[in-house]
Amino acid sequence: MSLLDLVLFLPLIGFLLMIFTPKGNENLPRMMALAISLLIFVISLGLVGPFLGSTIPEGYQFVTDASWISSPPIRYHIGLDGLSLWLVILTTLLTPISVLVSWNYIDHRRKEFYAFLILLEFGLIGVFVSLDLFLFYVFWDAMLIPMYFLIGIWGYDRRVYAAVKFILYTMAGSVLMLLAILGLASLHQTVTGTYSFDIQALYALQIPPNLQFWFFLAFALAFAIKVPLFPFHTWLPDAHVEAP
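Below or above, wherever it landed, is the structure these notes cover. The structure presented is a predicted model; accordingly, all values stated were derived computationally and were not measured. Counting starts from 1 at the beginning of each chain's written sequence and moves along it residue by residue. Reporting of local features is limited, given that this is a predicted model, to residues whose pLDDT is at least 70; pairs of side-chain atoms are given and counted only at 80 or more, and all residues count toward the totals for whole chains, interfaces and linings. With hydrogens and water set aside, each side-chain value is computed from the structure's full complement of heavy atoms.

1. Structural notes on the overall build of the protein
Runs of H or I in DSSP of at least four residues are treated as helices and runs of E of at least two as strands, each being numbered from the N terminus. Looking only at helices and strands, the protein features 10 helices and 2 strands. Helices (α) and strands (β) of the protein occur, in sequence order from the N terminus, as α-α-β-β-α-α-α-α-α-α-α-α. Principal axes of the C-alpha set define a box for the protein whose edges measure 60 × 40 × 35 Å. Residue exposure (1.4 Å probe, protein chains only): buried if accessible area is under 20% of the type maximum, exposed if over 50%, otherwise partly exposed. With 244 residues in all, the protein has 48% of them scored as buried. Contacts are assigned to residue pairs that have any heavy atoms within 4.5 Å of one another. Here the contacts in the protein between residues at least 6 apart in sequence split such that 69% fall between residues at least 24 apart.

2. Examining the pattern of salt bridges
Should a side-chain nitrogen of Lys or Arg be within 4 Å of a carboxyl oxygen of Asp or Glu, the pair is scored as a salt bridge. Tallying each qualifying case throughout the model produces 3 salt bridges. As a salt-bridge pair, D65 and R75 come within 2.7 Å of each other at their nearest N and O atoms. In this pair, D65 sits in strand β1 (residues 61-69) while R75 sits in strand β2 (residues 74-80), placing the two residues 10 residues apart along the sequence. For R75, a relative accessible area of 32% gives the class partly exposed.

3. Some thoughts on the side chain of S84
By secondary structure assignment, the location of S84 is in helix α3 (residues 84-101). What S84 contacts, discounting residues up to four positions off in sequence, is G79 and F128.

4. Regarding helix α4 (residues 110-129)
Along its 20 residues, α4 runs 29 Å from first to last C-alpha, staying within 8% of the 28 Å computed at 1.5 Å per residue. Extensive coverage of α4 is indicated by the burial of 18 of its 20 residues. Multiplying 1.5 Å by the helix residue count minus one yields the expected span of that helix.

5. Re the layout of surface pockets
With a 1 Å grid laid over protein atoms only, a set of points is called a cavity when a 1.4 Å probe fits there but cannot get out and a pocket when it is open yet has protein on both sides within 12 Å along at least five of seven lines; lining residues have an atom within 4 Å of a point. Grid points are joined across faces, edges and corners, and a volume is the space filled by probe spheres set on the points. Here the largest pocket is characterised by a volume of approximately 1100 Å³. Counting residues per element, the ones that place at least two in the lining of the largest pocket are α3, α4, α6 (144-154), α9 (209-226) and α10 (235-242). Just so you know the grouping, Ala, Val, Leu, Ile, Met, Phe, Trp, Tyr, Cys and Pro go in nonpolar, Asp, Glu, Lys and Arg go in charged, and all remaining residues, Gly too, go in polar. Of the residues assigned to the lining of the largest pocket, the class counts are 25 nonpolar, 5 polar and 2 charged. The space that makes up the second largest pocket amounts to roughly 640 Å³. Looking at the lining of the second largest pocket, the elements with two or more residues in it are α3, α4, α5 (133-142), α8 (199-203) and α9. At 5 residues, α9 tops the list of elements feeding residues into the lining of the second largest pocket. A class-by-class count of the residues in the lining of the second largest pocket yields 18 nonpolar, 4 polar and 1 charged.

6. Re the environment of G46
One can find G46 in the loop between α2 (28-44) and β1. As for G46 and I89, which are separated by 43 residues in sequence, their C-alpha atoms are 10.0 Å apart. Leaving out residues up to four positions away in the same chain, G46 has contacts with L3 and F62.

7. Some details on the pairing of β2
The element β2 is extensively covered by neighbouring structure, given that 6 of its 7 residues are classed as buried. Note on pairing: two strands pair once DSSP finds at least 2 bridges between them. In this structure, β1 lies alongside β2, joined through 6 bridges in antiparallel fashion. Across the sheet, the residue bridging to A66 is Y76, located in β2. In this structure, the hairpin formed by β1 and β2 is closed by a connection of 4 residues.

8. Overview of unusual backbone geometry
For the bond from V227 to P228, the omega torsion is -10°, close enough to zero to count as cis. By secondary structure assignment, the location of P228 is in the loop between α9 and α10. With a phi close to 55°, F62 is a non-glycine residue in the positive phi region. Notably, R109 is not glycine yet its phi reads approximately 50°, a positive angle.

Next up, the structure:
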């Protein structure tokens with residue numbers, strides 16, 4: 001197990017620990033969330049070392065590549081480059097800050113709130129480190145689940161409406177992305193004889209211009225909805241106003 005595997009799965013372990021913590025002590029969940037998130041942040045700083053120095057290392061660092069699902073061939077393939085490194089560090093930094101910001105605000109169902117906050121960190125880190133497109137898609141959708149509950153349970157008066165609108169919009173974008181991912185894997189099979197969701201393998205594909213357009217359009221729309229960009233932005237004001 002690499003250091004990156006540890007940083008990725010510690011939030012999931014923390015989520016499970018918090019879910020199975022007995023109720024009764026109202027202060028324990030937020031104390032656990034702060035301790036877990038600070039531990040993850042401190043450990044994540046160890047990822048910076050290989051990227052320091054006068055020259056930028058080529059390729060990916062902290063790579064783990066193992067079979068996950070044999071058919072279709074989906075792999076647990078993760079790694080860091082110089083861009084995703086800082087997105088991971090930003091995520092592990094913002095999580096304990098979010099715990100502290102909500103320290104006195106959340107006054108009911110604290111265990112569930114902080115557990116979902118830690119689970120959200122797991123999904124976010126997974127998105128930034130995935131080198132298998134299907135794995136990326138799994139994390140991309142997984143982080144929607146804690147967001148849905150965080151808005152829908154601990155939000156303001158129109159929280160349920162905002163949460164449902166958020167999940168419907170973002171899931172619609174996810175479907176477009178999934179179609180593009182499946183299309184790329186199918187094209188890889190047509191060219192090479194084997195299916196692959198590996199990002200580095202898909203980089204090597206010679207994609208006809210007309211297919212490039214449709215693949216780009218699907219990914220661009222998915223990202224435009226998630227960011228969101230005009231005119232796909234209407235879920236965001238509701239979600240951000242109603243969110244805790």
